[in-house]
Amino acid sequence: MMVDEQKIEVKNIPTGVKIHRPPEGNPNKYASRDRIYVRAVKGLHQSLRRNIGFVFMALFFVLPWIQFDGHQAILLDIFEQKFNIFGLTLWPQDFTLLAWLFMIAAYALFFVTTFYGRVWCGYMCPQTVWTFIFMWFEEKIQGTRNQRMKLDQEPMSFNKFWRKALTHFCWLAFALFTALIFVGYFTPIGPLFVEFFTWQAGFWATLSVLFFTLCTYGNAGWMREIMCTHICPYARFQSAMFDKDTYTVTYDAARGENRGPRSKKDANYKEKGLGDCIDCNLCVHVCPTGIDIRNGLQYECINCGACIDACDDTMEKMGYPKGLISYTTEHTLQGRPAKVLRPKLVGYFLVLVVVCGAFMVNLAIRSPLELDIIRDRGALYRETPEGLVENTYTLGIINKSQQPKTLVLTVTGIDNLQWLGPTEVELAGSESRNVVVSLALDPYEAKRPVLDLTFSVHHKDAPEVRAEQGNKFFSGR
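Residues numbered from 1 in each chain as written. Predicted model: local features only at pLDDT ≥ 70, side-chain atom pairs only at ≥ 80, totals over all residues. Heavy atoms only, no water.

1. Re the overall build of the chain
When you go through the chain residue by residue, the secondary structure sums to 15 helices and 16 strands. Expected size for 477 residues packed as a compact globule is a radius of gyration near 23 Å; at 32 Å, the chain overshoots this value by more than 25%. Within the chain, the fraction of its 477 residues that count as buried is 42%. A total of about 27,000 Å² of accessible surface is found on the chain, and carbon and sulfur atoms cover 62% of it. Across the chain, the centroid of the 50 positively charged side chains sits 10 Å from that of the 46 negatively charged ones. (Helix = DSSP H or I, 4+ residues; strand = E, 2+ residues; numbered from the N terminus. Rg over C-alpha atoms; globule rule 2.2 N^0.38 Å. Buried < 20%, exposed > 50% of the residue type's maximum accessible area, 1.4 Å probe, protein only. Areas by Shrake-Rupley, 256 points an atom, 1.4 Å probe, with all protein chains shown as cover. Lys, Arg positive; Asp, Glu negative; His and termini not counted. Charge placed at Lys NZ, Arg CZ, Asp CG, Glu CD.)

This is the structure:
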């Protein structure tokens, strides 16, 4: 069924949201994407964004190289199914901790978004950070915004070829370095670098590095704002967390309209019906998603503050007050005080406190030992030549700490039970092992066909550190 987009009635649209509609009579409703040429800008918000990006990028590059107790401090070994994070080793049994971490991240994002808009996207999102890095390479090699536009319009020449080739080479080199670092979180990073460049890396390591290289190159080099406006789901649902007291990058239309050019010395521009906006379009030129913030709140805005810095610079040159574009709320623009403590924000904060507390409790009660009992599947029991009833068990023991431990194995719950097997086992740090033991009992001492017992494993030097699990003993009566 064909739908006429011009006749769709749109309701409940938040104040100031721009609805894009194709022009009447335009047969090509889905025109090809125009390339966005982003102009470099300096200012408070861009310095803050660059510094935050630099700190977290430095952490990303450095963390996998740090050694702790003789091993890689952060190693998320998927094949071995264990995650080493400094002195902590997480196993699949600790999945609840990972679930709590995801919930903490989600509610922290909801809380920040409700208070200060989409600042995660503008300041810390890897897609944004890497896109700005790729833009930096582009600017250093191909020149300013106007020079890049002129270069793209020129026919192919040696100057254009070497600049384009060098740009893509730098993009690919940085993407490859990024991919190696990222894969280094999941496999020992030192051998990875050596083996990759000597063609000795394994199939999955090589495939992962090449895959993430192409993803980084494609996302930050080519797709850029498409990832933010069409692919990332956060762009679509983040507006549900906004309200009239959310701080977002906003244009003060009451002060800026009517917009229009004028001389810097023109002190009577207000008498001519003009506002403070001189219609220089710098706010559009510096926007990484190519929107015009003067058209109101739009889901494409990532709240990076580039338009604020560009506008403040223009206002300063014109001798006007800064803040024509700023982080502000809808209530503030209406002359009403903004409410910081409101039910939605308080609710997100309380839930965030609860999930953080749940994570800390789960981490505190987490045992450094894990014990899993598997019965012999071949037979419930068997009779020995001495006339005893014997049950066989496989004890799956995990030393979750990163230090070697001597562990003592015991069983309780049944009197006069004979233990056949090792009573002590030495495990290296983050090692798991299956230990087969048998228990024998005189059938005349068994009071029931099925008896309850409890296996226990504890540190030899610290008996209070233990893990226990119950099981059954079949006496055959």
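2. Structural notes on the UniProt feature "transmembrane region" (unreviewed entry) in the chain
What UniProt calls "transmembrane region" (unreviewed entry) maps, in this numbering, to residues 52–68, 97–117, 165–185, 197–217 and 345–365. Between the end C-alpha atoms of residues 52–68 there is a gap of 26 Å, over a span that is 65% helix and 12% strand. Within residues 97–117, the helical portion is 95% and the strand portion 0%, while the C-alpha atoms at the span's ends are 28 Å from each other. (UniProt positions renumbered as here; feature names shortened; annotations may be inferred.)

3. As for the sheet that holds strand 13 (residues 424–427)
Pairing between the strands of a sheet is mediated by backbone hydrogen bonds and can be parallel or antiparallel. Across the sheet, 4 strands lie side by side as 13-11-15-16; this open sheet has antiparallel pairing. A strand with exactly one partner marks an edge of an open sheet, and here the two such strands are strand 13 and strand 16 (466–474). Averaged over all pairs of adjacent strands, the angle between their axes in this sheet comes to 25°, without regard to strand direction. As paired strands, strand 15 (residues 450–459) and strand 16 are joined by 9 bridges and run antiparallel to one another. (Pairing = 2+ DSSP bridges. Axes fitted to C-alpha atoms, helices over the stretch in contact; angles between N-to-C directions.)

4. Side note on the packing of aromatic side chains
Taken as a whole, this structure holds 31 aromatic pairs when the rule is applied. Each ring, one from Phe60 and one from Trp130, has its centre 5.8 Å from the other, and the planes form 85°; the classification is edge-to-face. Of this pair, Phe60 sits in helix 1 (residues 44–62) while Trp130 sits in helix 4 (residues 126–142), placing them 70 residues apart in sequence. The two residues Phe60 and Trp130 agree in class, both being buried. When the ring of Phe60 is compared with that of Tyr185, the centres are 5.7 Å apart and the planes differ by 25°; the resulting orientation is stacked. Of the two residues, Phe60 sits in helix 1 while Tyr185 sits in the loop between helix 6 (158–183) and helix 7 (189–197), which places them 125 residues apart along the sequence. The same class applies to Phe60 as to Tyr185, namely buried. (Phe/Tyr/Trp six-rings, centres within 6.5 Å; stacked < 30°, edge-to-face > 60°.)

5. Topic: unusual backbone geometry
Glycine aside, negative phi is the norm for most residues, and most peptide bonds take the trans geometry. Cis peptide bonds are those with omega within 30 degrees of zero, and the linkage from Glu257 to Asn258 qualifies with -5°. Mapped onto the elements of the fold, Asn258 is located in the loop between helix 11 (253–256) and helix 12 (282–285). Residue Trp199 is not a glycine yet carries a positive backbone phi of 60°. Examined against the element boundaries, Trp199 turns out to sit in the loop between helix 7 and helix 8 (203–223). Residues other than glycine seldom take positive phi values, yet Asn281 does so here, at roughly 65°. Secondary-structure assignment places Asn281 in the loop between helix 11 and helix 12. With a relative accessible area of 30%, Asn281 lands in the partly exposed category.

6. Concerning the confidence of the model for the chain
Put simply, the chain has an average pLDDT of 88, and 93% of its residues get 70 or more. Summarising per-element confidence for the chain, the mean pLDDT is lowest in helix 10 (residues 234–237) (80) and highest in helix 6 (97). For the stretch residues 1–31, pLDDT sits under 50, and the model shows 24 contacts to residues farther than four places along the chain or on other chains. (pLDDT = per-residue confidence, 0-100. Contact = heavy atoms within 4.5 Å.)

7. Examining the side chain of Arg145
Along the chain, Arg145 turns up in helix 5 (residues 145–153). At 10 Å, Glu138 is the nearest oppositely charged side chain to Arg145, a buried residue that forms no salt bridge. Every residue in contact with Arg145, bar those within four places of it in the chain, is listed here: Tyr37, Val38, Arg39 and His285. (Salt bridge = Lys/Arg side-chain N within 4 Å of Asp/Glu carboxyl O.)

8. Notes on the packing of helix 4 against helix 5
Viewed as axis vectors pointing N to C, helix 4 and helix 5 meet at an angle of 75°, and their least axial separation amounts to 9 Å. In terms of orientation, helix 4 and helix 5 fall into the roughly perpendicular class. Judged by residue contacts, Glu138, Glu139 and Gln142 of helix 4 engage Gln147, Arg148 and Leu151 from helix 5. When its residues are assigned to classes, the contact of helix 4 with helix 5 shows 1 nonpolar, 2 polar and 3 charged. (Parallel < 35°, antiparallel > 145°, perpendicular 65-115°, else oblique. Nonpolar A, V, L, I, M, F, W, Y, C, P; charged D, E, K, R; others polar.)

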